[in-house]
Amino acid sequence: MKEQGFWHENANYIDSVMNKLNTLAADTYIYVLHLKQNKAWFSETAKAYFGINDTYVSDHYEIMRGIVHPDDWWEYEEGIPQRMQGKNLDWELCVRMKAASGEYHMFSIHTDIVTDEKNSEEYLLILLHNENVLPKIDALTDLYSQVRFVADLDATIGNKEPFAVLMIKLERFTNLNIIYGTEFTNQILKETALQLIYMMDEHSAVYRLDGPKFGFILRNCGREKLLTFEQQLRDKLEKGIYVNHRQITLKICAGAILIEQYDGEADSITSKAAYALGHSETEHQGKMIIFNDEVRTSGNVDLDLMKVIHQSVREGCKGFYVEYQPIVDSMTGRIVGAESLVRWRREPYGTVPPGMFIEWMEKDPLMYELGNYVLQTALRETVGIIEIVPDFVINVNVSARQMEREEFRAEVLRILEQTKFPPSHLCLELTERCKDMPFDVIKQEVEFFQGYGIRMAMDDYGTGSASSGIVLNAPMDEIKLDMSFIRGITEDAKKQAMVKSIVNFANSSGMSTCLEGVETEKLQNYLREYRATWFQGYYYSRPIEIGKFWELVRG
Ligand code: C2E
Ligand code: CA
Ligand code: CA
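Residues numbered from 1 in each chain as written. Chains lettered and ligands numbered in written order. Predicted model: local features only at pLDDT ≥ 70, side-chain atom pairs only at ≥ 80, totals over all residues. Heavy atoms only, no water.

Q: Would you mind showing me how to read the overall build of the chain here?
A: If you tally the helices and strands in the chain, you get 22 helices and 22 strands. The C-alpha atoms of the chain give 26 Å as radius of gyration, which agrees with the globular expectation for 555 residues (24 Å, within 12%). With the C-alpha coordinates aligned to their principal axes, the bounding extent of the chain is approximately 90 × 65 × 50 Å. Relative to its full complement of 555 residues, the chain shows a buried share of 54%. Sequence separation of 24 or more characterises 63% of the internal contacts of the chain that already satisfy a separation of 6 or more. Between the mean site of the 59 positive side-chain charges and the mean site of the 83 negative ones, the chain shows a separation of 3 Å. (Helix = DSSP H or I, 4+ residues; strand = E, 2+ residues; numbered from the N terminus. Rg over C-alpha atoms; globule rule 2.2 N^0.38 Å. Buried < 20%, exposed > 50% of the residue type's maximum accessible area, 1.4 Å probe, protein only. Contact = heavy atoms within 4.5 Å. Lys, Arg positive; Asp, Glu negative; His and termini not counted. Charge placed at Lys NZ, Arg CZ, Asp CG, Glu CD.)

Q: Help me understand the sheet that holds strand β7 (residues 163-170), please; the structure alone is not making it clear to me.
A: Two strands in a sheet stick together by hydrogen bonds in their backbones, pointing the same way (parallel) or opposite ways (antiparallel). With mixed pairing, the five strands of this open sheet are ordered in space as β8-β9-β7-β12-β13. Pairing within the sheet leaves two strands with one partner each, and these edge strands are β8 (204-208) and β13 (289-290). Sheet contacts for helix α7 (residues 182-198): β7, β8 and β9 (213-219); angle to β9, the most-contacted strand, approximately 10°. Across the sheet, helix α9 (residues 266-283) lies against β7, β9, β12 (252-259) and β13, angled at about 145° from β12, the strand it touches most. (Pairing = 2+ DSSP bridges. Axes fitted to C-alpha atoms, helices over the stretch in contact; angles between N-to-C directions.)

Q: Could you clarify how one ought to interpret the coordination of the calcium ion (ligand 3) in this entry?
A: As a benchmark, a tetrahedral metal site with four donors has ideal angles of 109.5 degrees, while an octahedral site with six donors has ideal angles of 90 or 180 degrees. For the calcium ion (ligand 3), the full set of protein donor atoms is D459 (OD), D460 (OD), E516 (OE) and E516 (OE), at a range of 2.3 to 3.0 Å. Every donor residue of the calcium ion (ligand 3) comes from the same chain, spaced as D-D-x55-E. The two metals, the calcium ion (ligand 3) and the calcium ion (ligand 2), are separated by 4.0 Å and share D459 as a common coordinating residue. Taking the relative accessible area as the measure of exposure, D459 reaches 5% and is therefore buried. (Donors = N, O, S within 2.8 Å, 3.2 Å for Na, K, Ca; no water.)

Q: Help me out: how do you make sense of the packing of aromatic side chains in this one?
A: Centre-to-centre distance and the angle between the planes together describe a pair of aromatic rings. Applying the stated criterion to the full structure yields 23 aromatic pairs. Seen from their ring centres, Y61 and Y76 are 6.5 Å apart, and the 75° between their planes marks the pair as edge-to-face. Here Y61 is found in helix α3 (residues 60-65), whereas its partner Y76 is found in helix α4 (residues 73-84), with 15 residues between them in sequence. Each member of the aromatic cluster is reached from another via a ring pair, and the members are Y368, F408, F448, F449 and Y452. Here the basic side chain of R405 rests over the ring of Y368, its NZ or CZ set 4.0 Å away from the ring centre. Just above the ring of Y538 sits the side chain of R542; from NZ or CZ to the centre is 3.9 Å. (Phe/Tyr/Trp six-rings, centres within 6.5 Å; stacked < 30°, edge-to-face > 60°. Lys NZ or Arg CZ within 6 Å of the ring centre and 35° of its normal.)

Q: Looking at this structure, how should I read the coordination of the calcium ion (ligand 2)?
A: All of the protein donors around the calcium ion (ligand 2) are E339 (OE), N397 (OD1), E429 (OE) and D459 (OD); their distances to the metal are 2.1 to 2.3 Å. Mapped onto the sequence, the donors of the calcium ion (ligand 2) take the spacing E-x57-N-x31-E-x29-D.

Q: Would you mind going over unusual backbone geometry with me for this structure?
A: Where the residue is not glycine, phi is negative for most of them; where a peptide bond is considered, it is trans in most cases. At N244, a position not held by glycine, the phi torsion is positive, near 50°. Mapped onto the elements, N244 comes out in the loop between β10 (241-243) and β11 (246-248). Since its relative accessible area comes to 55%, N244 is described here as exposed. A positive phi is found at R531, a non-glycine position, where the angle reads about 60°. Residue placement: R531 occurs in the loop between α21 (521-527) and β22 (534-536).

Q: Honestly, α7 in this entry has me stumped. Any pointers?
A: Residue pairs three or four apart in sequence face the same way in an α-helix, which turns once every 3.6 residues. Compared with the 24 Å implied by 1.5 Å per residue over 17 residues, the 25 Å span of α7 between its first and last C-alpha is a close match. Within the span of α7, buried status applies to F184, T185, I188, L189, T192, A193, Q195 and L196. (Expected span 1.5 Å × (residues − 1).)

Q: How should I be thinking about the sheet that holds strand β2 (residues 40-42) in this particular structure?
A: If you trace the six strands from one edge of the open sheet to the other, you get β3-β2-β1-β6-β5-β4, paired in antiparallel fashion. The sheet terminates laterally at β3 (56-57) and β4 (93-98), the two strands that pair on one side only. Contacting β1 (28-34), β4, β5 (104-116) and β6 (121-130), α4 crosses the sheet at an angle of about 125° to β4.

Q: Looking at this structure, how should I read the nonpolar core?
A: One broad trend across soluble globular proteins is that nonpolar side chains are buried collectively. Ranked by size, the top nonpolar core spans 106 residues in total, and within it F320, F357, L370, I394, L426 and L527 carry the most contacts. Counting residues per element, this core draws most heavily on helix α13 (residues 367-382), which supplies eight residues. Three or more residues apiece are contributed to this core by two domains, here domain 2 (146-301) and domain 3 (313-554). Apart from residues lying up to four places away in sequence, F320 is in contact with I309, S312, V313, V342, R343, W344, F357, L370 and Y373. Counting 33 residues, the second-largest nonpolar core is a separate cluster that includes L166, F173, C221 and L237. (Core = buried A, V, L, I, M, F, W, Y, C linked by side-chain atoms within 4.5 Å. Domains from an automatic or database assignment.)

Q: Even after reading the chapter, I still don't get a nonpolar patch on the surface, so can you show me in this structure?
A: Among the surface-exposed residues, Y13, V17 and L21 lie close enough to one another that they form a single nonpolar patch of about 290 Å² accessible area. Relative to the elements of secondary structure, Y13 occurs in helix α1 (residues 5-24). Y13 sits in the exposed class, given a relative accessible area of 59%. (Patch = residues over 30% accessible without salt bridge, like charges linked within 9 Å, V, L, I, M, F, W, Y side chains within 5 Å. Areas by Shrake-Rupley, 256 points an atom, 1.4 Å probe, with all protein chains shown as cover. Salt bridge = Lys/Arg side-chain N within 4 Å of Asp/Glu carboxyl O.)

Q: Looking at this structure, how should I read the site of ligand 1?
A: The full set close to ligand 1 counts 24 residues, and Q325, E362, R433, E519 and Y538 are the nearest of them. Contact between ligand 1 and V342: a nitrogen atom at 3.1 Å from a main-chain N or O atom of the residue. Here D460 contributes a side-chain N or O atom positioned 3.2 Å from an oxygen atom of ligand 1. Protein contacts shield 87% of the accessible area of ligand 1, which totals 800 Å² for the unbound molecule. Every element with two or more residues in the shell around ligand 1 is listed here: β15 (335-346), α13 and β19 (455-461). Top element by residues in the shell around ligand 1 is β15. It accounts for four residues. Of the residues contributing to the shell around ligand 1, the split by class is ten nonpolar, five polar and nine charged. (Near = heavy atom within 4 Å. Polar contact = N/O pair within 3.5 Å; in protein donor to acceptor, adjacent residues only side chain to side chain. Nonpolar A, V, L, I, M, F, W, Y, C, P; charged D, E, K, R; others polar.)

Q: I'm lost on the packing of helix α16 (residues 408-419) against helix α17 (residues 439-451) in this one. Help?
A: Between two packed helices, the angle of one axis relative to the other and the distance separating the axes together describe the packing. Where α16 meets α17, the closest approach of the two axes is 11 Å, and the angle between their N-to-C directions is 20°. Relative to α17, the element α16 is oriented roughly parallel. With respect to the hand of their crossing, α16 and α17 are arranged in right-handed fashion. Contacts between α16 and α17 involve F408, R409, V412 and L413 on the former and, on the latter, Q444, E445, F448 and F449. (Parallel < 35°, antiparallel > 145°, perpendicular 65-115°, else oblique. Left-handed = near helix turned anticlockwise from the far one by under 90°.)

Below, the structure written as structure tokens:
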């Protein structure tokens, strides 16, 4: 059987070479396509990872259709035939693919054509590289990384013994960064890491999480032991570490969770500990908060909901969608843009607004996937509006979890290209919640995106102290004033002075302004005096689904 020659005659050899290659390059999966027919050969590791049953497949597109994310399918379907013809090789193919576990990951696709001299058949060799897989060791501190943290947590859960997870964050780290510069603060992180390693025993392990955060898994650990450990940790860091002969005393905030017996996801534990850490920082001056005691009973977080939402993000953002709220010209009321706002809908919960989940979600690494999903959806759904409203700008909220990832830049450019969305019609909104990032990093990111013509806005301006710092340090294009300044403004002289001075400051610094929370015609008319650029609020429309938004735009 000539047509199957390659597979059959060389099958054993190819199998063993490919599978060796696969194991050499972790997180990389290989398969081979016949150039003339639609046949494919899948390596054992690819089969196991994607849950493919057969090694030889007669219609490869049929199999891949169930694996590639529906939104990215066109890219795969167009890209692979081009590669088979040796065309468009510099177009970087990147698509989301679903693992057998149901989880989507971003894969880059690398290809090359090989010829089987003997049978003069040609094949496309395809190499999939999982772009979401991050290193297991942190390059700066040599501690285990966040990735390893999650893996070890999974293993610990499997042991069915009580354990504790503790997260700490060095306080005022952003300030240290500004005063001493990143090189010095990197030394602080390294030295801290060393001190933490000294404290470990056979039951405990320490990990570098993002920024100035460290995580601990403490096996065989109950409440008493956790409290003692945390006290020792605090004492040690408060006594100070030495960097370049200078003594630096470190204060921490701490969040923890105690696990008796559990067979859920590691993710759910980390987001609870992160949530407790956030509480420690914002509401308890750094005192350790144990999730089980204080947070659950406060009624702020619905554990069930957290778990289900997590799962939804992992399933390719299932159940999430985007609503749009118009942004209008302040003087004419004409729609010149919209803000995209994420929603989640699933029975029996109904439609859940971001207020219920964005706070803890933004502390979670999975926010990266969710944020990118919103960006992609918003651009895809509104690109056509630019034809009707030539100056239309779509505003998309961006979280720190996105900005701080190195791959975010490339991801934004990829989504723009994929949706054919003109960059100058996109505005990224940053909030106070980016304040953990050093100003110079924020500035670099802002300038990078502006280099492509993307606009950058400071959201919720004035609600916290960091937003003015960010605006002073990074060349933002616009400021969005928080609704709290607008509510009751007609009777509040202080709010009036505040809004006036912020709009003046923006005008004289070459920035545009948007006032949020314009709920009535009366308020609109009153606010026109302030000469802000745009208005946004329920008076024009609540956030609505894309179909309705189109109707509104068409008028
Ligand atoms: P935000 O960015 O300040 O968005 C404006 C919020 O104000 C929206 O709430 C909107 O529905 C509400 N709003 C708009 N006009 C009025 C008005 O006239 N009166 C009143 N009372 N409210 C008004 P929403 O959709 O619940 O979003 C809450 C927050 O969730 C957002 O605040 C934003 O910080 C966050 N968020 C929403 N979508 C995303 C997203 O895709 N990514 C990220 N990172 N955060 C998001
Ligand atoms: Ca916003
Ligand atoms: Ca806002």
